[in-house]
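Structural overview for review
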Amino acid sequence: MATIVVTSEEDPALSIVRFTSELAWADAGPEVAEPQVARLCMEAQECIVMGRWLDLASLMLTSADLIFSKVSEKDLECIFTIICSLVTKPESLDEALEMAKLISAKVTQQANDKPALRLKILFNLYNLLENPYSKFYVYMKALNLAVNGKATEHIIPSFKKMDSFVKEWNIGTFDQRELFLTISNILKEHKNSAKDSFSFLTKYLTTFSGEDAYTMSEAKEEAVRAIVEFVKAPDMFQSDLLDMPAVGQLEKDGKYSLVYQLLKIFLTHRLDAYLDFHAANSTLLKSYGLVHEDCIAKMRLMTLADLGSNHGEIPYDLIKDTLRVNDDEVELWVVKAITVKLLDCKMDQMNQVVIVNRCTERVFGLHQWLALRSKLTSWRGNIANVINTVQANKGTEDGTQAMQGLAIR
């Protein structure tokens, strides 16, 4: 297959029109092909002279689409690089956006055919655009293409920069919802991405605040999903889901109130509350794919963290009774809590107590802020006392040295 070589004698866009139209009409024979190629080239030339960039992009895309399966990926990339470069021509950002929409629509057709190449074309288009919203539009098209073409591995690395992207795009609430939910769903299908998927899901839920009940109801299913994913996750022990209006609406919902109650147990209660809930709602838990034994294990760790937040020293007997374990299992569960960084503590085996230095709070609300304020106030007072003591001792030491100096004279 021939490779496109753009020379300085002809406008690159016109060279592409000539190349693609010749290939598109090649099977019709010279008598038919030559007039058609000449017509298309003349039309392209008029668009260039008149500055009708949107029309030129449409003309080039039509020809390029006809030969997509006839040329190499290298040639296709070259063709679309020149087509995409047209978005830099218009003075109007709105016209550039319309061109980006036109190019994106054509590229995202037949997503299963060369999806990696199509994504590469869209990323190239993205980098050529100036308008932040145009960039966002093309990125969303790339997301959907990656999903439909089963090529999400090519776009997942960009998620790490999403905070800076969202700031750059300056998009509204509706667009943020679509973005965060799409990313969460993509990550949900990838191994070892459960935490990241949950993170974007909570970002989606956070966008619902102050809306009417009808709008808020759009988030019900995802709020339930977030609760179930949090309960299932063996390595997530802290969450602010209870503070989100999108989740709070479930509390009095006829269908999902029990799911909300389950979340509240995991974040504010102890093991006994979960066991009572399971006894009455075991079928519900199974319907959401929750395994009772896994829930007990997680609830024991979260209960132990709760004990740590309320006691500087936790007796072994209290751990045994609260976690409902045997004597020889107490230290095992303490070690597990240390391993997942729920507790920073020491075990005093002689006195049968756990001495807590720090523990992870399951929720961080008003009560936790007040407790932190109290600790900071206490620490500030202690530091002030230390400074005063040091200064007093320094004054005494300076006075003693002065007296010694007089005695020497």
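Here goes a summary of the coordinates provided. (Residues numbered from 1 in each chain as written. Predicted model: local features only at pLDDT ≥ 70, side-chain atom pairs only at ≥ 80, totals over all residues. Heavy atoms only, no water.)

Comments concerning the side chain of R118
Tracing the chain through its elements places R118 in helix α6 (residues 115–128). Note on R118: relative accessible area 3%, which makes it buried. In this structure, R118 is in contact with F68, K106, V107, Q109, Q110, D113 and L145, ignoring residues within four places of it in sequence. (Helix = DSSP H or I, 4+ residues; strand = E, 2+ residues; numbered from the N terminus. Buried < 20%, exposed > 50% of the residue type's maximum accessible area, 1.4 Å probe, protein only. Contact = heavy atoms within 4.5 Å.)

Overview of the environment of M99
Note on placement: M99 falls in helix α5 (residues 93–107). M99 sits 43 residues away from L56 along the chain, and the two C-alpha atoms are 9.7 Å apart. When neighbours within four sequence positions are excluded, M99 is seen to be in contact with W53, L54, A57, L86, V87 and P90.

Regarding the pattern of salt bridges
Counted by the stated rule, this structure contains 14 salt bridges. The partner of K101 in a salt bridge is E98, and the shortest N-O contact between them spans 3.8 Å. Here K101 pairs with E98, and both are found in helix α5, just 3 residues apart, close to one helical turn. In this structure, the salt-bridge partner of R362 is D306, at a minimum N-O distance of 3.4 Å. In this pair, R362 sits in the loop between β3 (353–359) and α19 (366–408) while D306 sits in helix α16 (residues 292–310), placing the two residues 56 residues apart along the sequence. Grouping residues by exposure puts R362 and D306 together as buried. Each of D113, K114 and R118 takes part in a single network of salt bridges with overlapping partners. (Salt bridge = Lys/Arg side-chain N within 4 Å of Asp/Glu carboxyl O.)

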